[in-house]
Every structure is written in structure tokens, then in C-alpha cells.
Amino acid sequence: MLLLTGGLLISQLALAEAQNPEQMIRNSVNQLMDKLEGRKDYYTQHTNELEALVDDSLRDVADFHYIAASVMGRYFRSASPEQRSRFAKTFRQTLIDTYAKGLVTFDYRDIRVVGSTTGRYEDQASVDMEVVADDGKVYPVNYTLRRTDDGQWKVVNVIVNGINLGLTFRNQFDQAMRDQNHDYDAVISNWAPEVGTDELEKGSQG
């Protein structure tokens, strides 16, 4: 029994390591879409359940601590360990809230992964996805991933319709720090990223 259990565990680990970035994103998206299929109205009325679903979907896909550190940018080194940890938790929750809201407010008919490319370095990759709206318009989405020390691929940035969310959030954090006279606690407590669905649909003008 012990040998069987150990063999199954080794097989699962090998499968996880063999899964490339494109497969990981495709599996994550398909699993989430399957759970949302035909239940959009239900989740619109039960946002807590939707947020829990999104949280579960992103848990093994996104590197929230890495993303949060990137958003803090030049302020990360001066922040205390407690402030870094608190911002990572706050950032994660606001990102989940935003993602969940988009799933029930944006009218789409299909979400598809269309390909991937390797990065400049072997621990970097990107995966391209398309969101097809009900009117047929296609919105490109690009995920940037990095491979962690334990060999897992994690999402570290997303570009939606030309809008770099990581850069947008970093600029917002920088502006908040200046507005709050570099009061980390005030910025973290009032953190509310502003990237609306309308802005994402309009896309980058650059």
C-alpha cells in the first residue's frame, strides 16, 4: 500500500512538472469556465461563492507575493516584512474581487488559449489567450509566467487588450505613496486598484 501511494505521488509530481505553461493556463481556464457554465446569474447573486471559486482557481496559478512585490516596486525594500505580507494579502483579495466582478459583468461567449512562446530566459514564458465578446469582438490577453525554484510555472503579470495590469497597478501604488506622504500603512489600508471593465474594453491607446 505504501509503495502504491508513493508511486502515485511520484506520478502526480512528474505530471505537474511536465505540464508546460500553455497546458497549465488552458486547464485552469477550462476548469473555471466549466464551473461557471450556465450559472452566471447564480454567481451574480452569490458573489462570495464566486470569489471563493476564483480564489481556488488562481491559488496554484498566480504568484501573488511576486506580483505584489513588483507592484510595490522601489518601495518594496523600505517596507517592513509585516507591511509586505499585508499588502500581498490585500492585493490578492482586490485582484480576486476584480476578476470575479469581470466574470459576471462582461458579456463573453468564448475564452480560448491560442498559443505560447518562450521568454528570453528559460525560466520565462508567455501564454496568449482571446476573450470573444457576444458581439464577436476579440480581446487579446497575454499572461507572463516565470518558473519558480521548485519547478512550477506561475503567472506574474497580465496584459489585457494592450493594458499592462502590472505596470498600471505599480503606477497606482507609486501615486498613492506620494499622495499619502509615503505612509505605507495608509496606502495598504486604502488600496483599491482602478481598472474598470470599460477601460479594458477600450484598450491601450499607446
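Residues numbered from 1 in each chain as written. Predicted model: local features only at pLDDT ≥ 70, side-chain atom pairs only at ≥ 80, totals over all residues. Heavy atoms only, no water.

Peer 1: Tell me what's going on with the pairing of strand β2 (residues 124-133), and back it up with residues and numbers.
Peer 2: Summarising burial for β2: seven of the ten residues are buried, a large majority. Summarising the sheet, β2 and strand β3 (residues 138-147) pair through nine bridges and their orientation is antiparallel. Across the sheet, V132 pairs through a bridge with V138, a residue of β3. (Buried < 20%, exposed > 50% of the residue type's maximum accessible area, 1.4 Å probe, protein only. Helix = DSSP H or I, 4+ residues; strand = E, 2+ residues; numbered from the N terminus. Pairing = 2+ DSSP bridges.)

Peer 1: Give a description of the packing of aromatic side chains that names residues and reports values.
Peer 2: By the definition in use, this model includes ten aromatic pairs. Measuring from ring centre to ring centre gives 5.3 Å for F87 and W191, while their planes differ by 75 degrees; the resulting arrangement is edge-to-face. Here F87 is found in helix α6 (residues 81-105), whereas its partner W191 is found in the loop between α8 (184-189) and α9 (197-202), with 104 residues between them in sequence. The class for F87 is buried, based on a relative accessible area of 0%. Measuring from centroid to centroid gives 5.9 Å for F173 and W191, while their planes differ by 55 degrees, and the two rings are tilted. Note that F173 is positioned in helix α7 (residues 165-179) and W191 in the loop between α8 and α9, a separation of 18 residues in sequence. A relative accessible area of 0% means that F173 is categorised as buried. Between R39 and the ring centre of Y42, over which it is positioned, the NZ or CZ distance is 4.4 Å. Of note, R84 hangs over the ring of F76, and the distance from its end group to the ring centre comes to 4.1 Å. (Phe/Tyr/Trp six-rings, centres within 6.5 Å; stacked < 30°, edge-to-face > 60°. Lys NZ or Arg CZ within 6 Å of the ring centre and 35° of its normal.)

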